[in-house]
Amino acid sequence: MTENPYLTGNFAPVDGELTATDLEVRGHVPEELEGRLLRIGPNPVAPNPAIYHWFSGNGMVHGLRLRGGRAEWYRRRYVRDTAVAEHLGVPQVEGLNDEMLGGVVNTNVIGHAGKTYAIVEAGSRPMELTDELESVRYSDFGGTLPRGFTAHPKRDPDTGELHATAYHFEWQHLQYIVVGTDGRVRKTVDVPLQASPMVHDCSITKNYHLLLDMPVLFKPEEMSEDSPFPYRWSPDYGARVGLLPREGTADDVIWAEVEPCYVFHPMNSYEDSDGRVVMDVCRHPKMFATDAHGPNEGPPTFDRWIIDPKGGPVKEERIDDAGQEFPRHDERLIGKPYRYGYTASVGGDFVSGQLRKHDLHKRTTEARVEREGRSFLEPVFVPRSEDAAEDDGWILAYVYDRERNGSEVLILNASDFTGEPEAVITLPERVPFGFHGNWVPDPA
Ligand SMILES: [Fe+2]
């Protein structure tokens, strides 16, 4: 093949690092928004189009700093892995733990314990970044992280601790990791498995850490020069969710089978009044079955699984059959009953178009549809204040506009989801389709 879809259009990498301080703003940036809107995605420095897989590209972090009603700066910086350091002609940062992986970190960017980290699954350590997004060092959380971390830790809103599932292709187990508010790992539990699946995300409830054990397995025997991505759809493995009591051991896991499928991202989970676990997910019918370059196996739907820890079949419901991904919600309600969720609509190949807002009580969905060629990236909810009601706040989202081949950040009033944006901040260059990001507020 000569053209790789993940190297064309707005999947293509942008060239070099950039800083801009004179940003055009339409509307009014809310004064309450003091912090950074960060996101990250692949921005490969030297990809081979024949074999490039979207998940493997070198990371680039994008950040928009808001303060005092102003958009102070936009920055984009490479995550300085081995190939990036060579490309830029700069020294490698310290702390690389897995030479074979090249130290690529490209999937999420978070604030925790006063630091900013770019993070990834499958082995590489988190990359500590400065407030202005320069790579500092690979971090093992002060010598407490056994190996790699994850791109999707969940912050318990009551304790401030991060809960995570890590995996590695050399392991036949998953590792439950709890990171304290001091930024150090306080607990790990290894849960044995029969194979080595790709496990992208996790979820928590009041009493459980939820493990996803889905049929995308490490199959080095199926790798080839033409197809070096080593994970393959393996439906005979089955699909299940593990309920690990948060203070329990591997022997305490309750496994619940679901129909074979793949889930990158739960939206949220909680326990209902009967003690059943309610888990909302973006469900892919399969994954990495036919396409060796990216996640492109038919549109993912928004589904609800209800799991009774006492046993019995999992109840699987479809909430919305439109293709959608990047599920987010008000993160003050992680692990708790919640009403509103937000997603970006996608086709099979993760190109997003509309934003969708779900009212899970009324079971209704609103879609924000802009003109043809405008694509939303993952929506991030920011509450108006610490004690504001759910959905009382803003949706912040990067948008790509194909017509002008450029990007903007939209600030939407979450309760007026389809209305005029409160502010639109034009960025100096496009932001490629990528993975995840977060609002990282300034310290109080
Ligand atoms: Fe993800």
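Just above, that's the structure.
Counting restarts for each chain, with residues numbered from 1 along the sequence as it is written. Totals for whole chains, interfaces and linings use all residues, but because this is a predicted model, local features are given only for residues with pLDDT of at least 70 and pairs of side-chain atoms are given and counted only at 80 or more.

A. Spotlight on the overall build of the protein chain. A count of helical and extended segments in the protein chain gives one helix and 33 strands. Taking 2.2 N^0.38 as the reference for a compact globule, 444 residues should give roughly 22 Å; the C-alpha atoms of the protein chain span a radius of gyration of 20 Å, in line with that estimate. Counting only C-alpha atoms and orienting by the principal axes, one finds that the protein chain spans roughly 55 × 50 × 45 Å. Here a residue counts as buried when 20 or more other C-beta atoms sit within 10 Å of its C-beta, as exposed when there are 12 or fewer, and as partly exposed otherwise, the C-beta atoms being derived from the backbone. Counting across all 444 residues of the protein chain, residues that qualify as buried make up 48%. Contact criterion: two residues are in contact if their C-beta atoms, reconstructed from the backbone, are within 7 Å. Of all intrachain contacts in the protein chain linking residues separated by at least 6 positions in sequence, the fraction that spans at least 24 positions is 56%. The secondary structure listing takes helices from DSSP runs of H or I that are at least 4 residues long and strands from runs of E that are at least 2 residues long, numbered from the N terminus. We take the radius of gyration over the C-alpha atoms and set the globule estimate at 2.2 Å times the residue count to the 0.38 power.

B. Molecular detail of the sheet that holds strand 14 (residues 203-204). Whether two strands pair depends on DSSP finding at least two bridges between them. Taken together, the four strands give an open sheet; going across it, the order is 14-15-18-19, and neighbouring strands pair in antiparallel fashion. Because the sheet does not close on itself, it has two edges, and the strands there are strand 14 and strand 19 (254-258).

C. Region of the structure containing the pairing of strand 30 (residues 393-401). Most of strand 30 is tucked away, with eight of its nine residues classed as buried. In terms of strand pairing, strand 28 (residues 374-376) meets strand 30 through three bridges, oriented antiparallel. The residue bridging Ser 375 from the neighbouring strand is Tyr 400, located in strand 30. Sheet topology note: the strand 29 (residues 380-383)/strand 30 ladder contains four bridges and is antiparallel. When the bridges of strand 30 are listed, Val 380 appears paired with Leu 396. In terms of strand pairing, strand 30 meets strand 31 (residues 406-413) through eight bridges, oriented antiparallel. Looking at the pairing, Tyr 400 lines up with Ser 407 of strand 31. Following strand 30, the chain reverses through four residues before pairing antiparallel with strand 31; Asn 405 in that reversal takes a positive phi of roughly 50 degrees.

D. Representation of the nonpolar core within the structure. Counting 111 residues, the largest nonpolar core has Val 61, Ala 118, Val 241, Leu 243, Leu 396, Ala 397 and Val 409 as the members making the most contacts within it. With seven residues, strand 30 is the single largest residue contributor to this core. Those residues in contact with Val 241 that lie beyond four places of it in its chain are Leu 210, Leu 211, Leu 212, Ala 256, Val 258, Met 279, Trp 305 and Ile 307. What makes a nonpolar core is a set of buried Ala, Val, Leu, Ile, Met, Phe, Trp, Tyr and Cys residues, with links drawn between C-beta atoms within 7 Å.

E. Broad picture of the sheet that holds strand 21 (residues 277-284). Judged by pairing direction, the sheet is antiparallel, and its four strands sit side by side in the order 20-21-22-23 without closing on themselves. Every other strand in the sheet has two partners, leaving strand 20 (262-271) and strand 23 (315-320) as the edge strands with one partner each. Along the sheet, successive strands turn relative to each other by an average axial angle of 25 degrees, direction set aside. Axis lines are fitted to C-alpha atoms, over the contacting stretch for helices. Their N-to-C directions set the angle, which ranges from 0 to 180 degrees.

F. Geometry of unusual backbone geometry. With a phi close to 80 degrees, Leu 133 is a non-glycine residue in the positive phi region. Relative to the elements of secondary structure, Leu 133 occurs in the loop between strand 8 (127-129) and strand 9 (135-138). Although it is not a glycine, Phe 141 adopts a positive phi angle of roughly 50 degrees.

G. Highlighting the environment of Gly 248. You can see Gly 248 is positioned in the loop between strand 18 (239-245) and strand 19. Looking at Gly 248, the number of C-beta atoms within 10 Å reads 16, which means it is partly exposed. Sequence separation between Gly 248 and Asp 330 is 82 residues; the distance between their C-alpha atoms is 27 Å.

H. Seen up close, the environment of Phe 381. Turning to its location among the elements, Phe 381 is positioned in strand 29. With 22 C-beta atoms packed within 10 Å, Phe 381 lands in the buried category. For the pair Phe 381 and Ala 397, spaced 16 residues apart in sequence, the C-alpha to C-alpha distance is 9.0 Å.

I. Broad picture of the environment of Met 223. Position of Met 223 relative to the elements: it lies in the loop between strand 16 (216-218) and strand 17 (231-233). With residues near it in sequence (within four places) discarded, Met 223 still touches Pro 228 and Pro 230.

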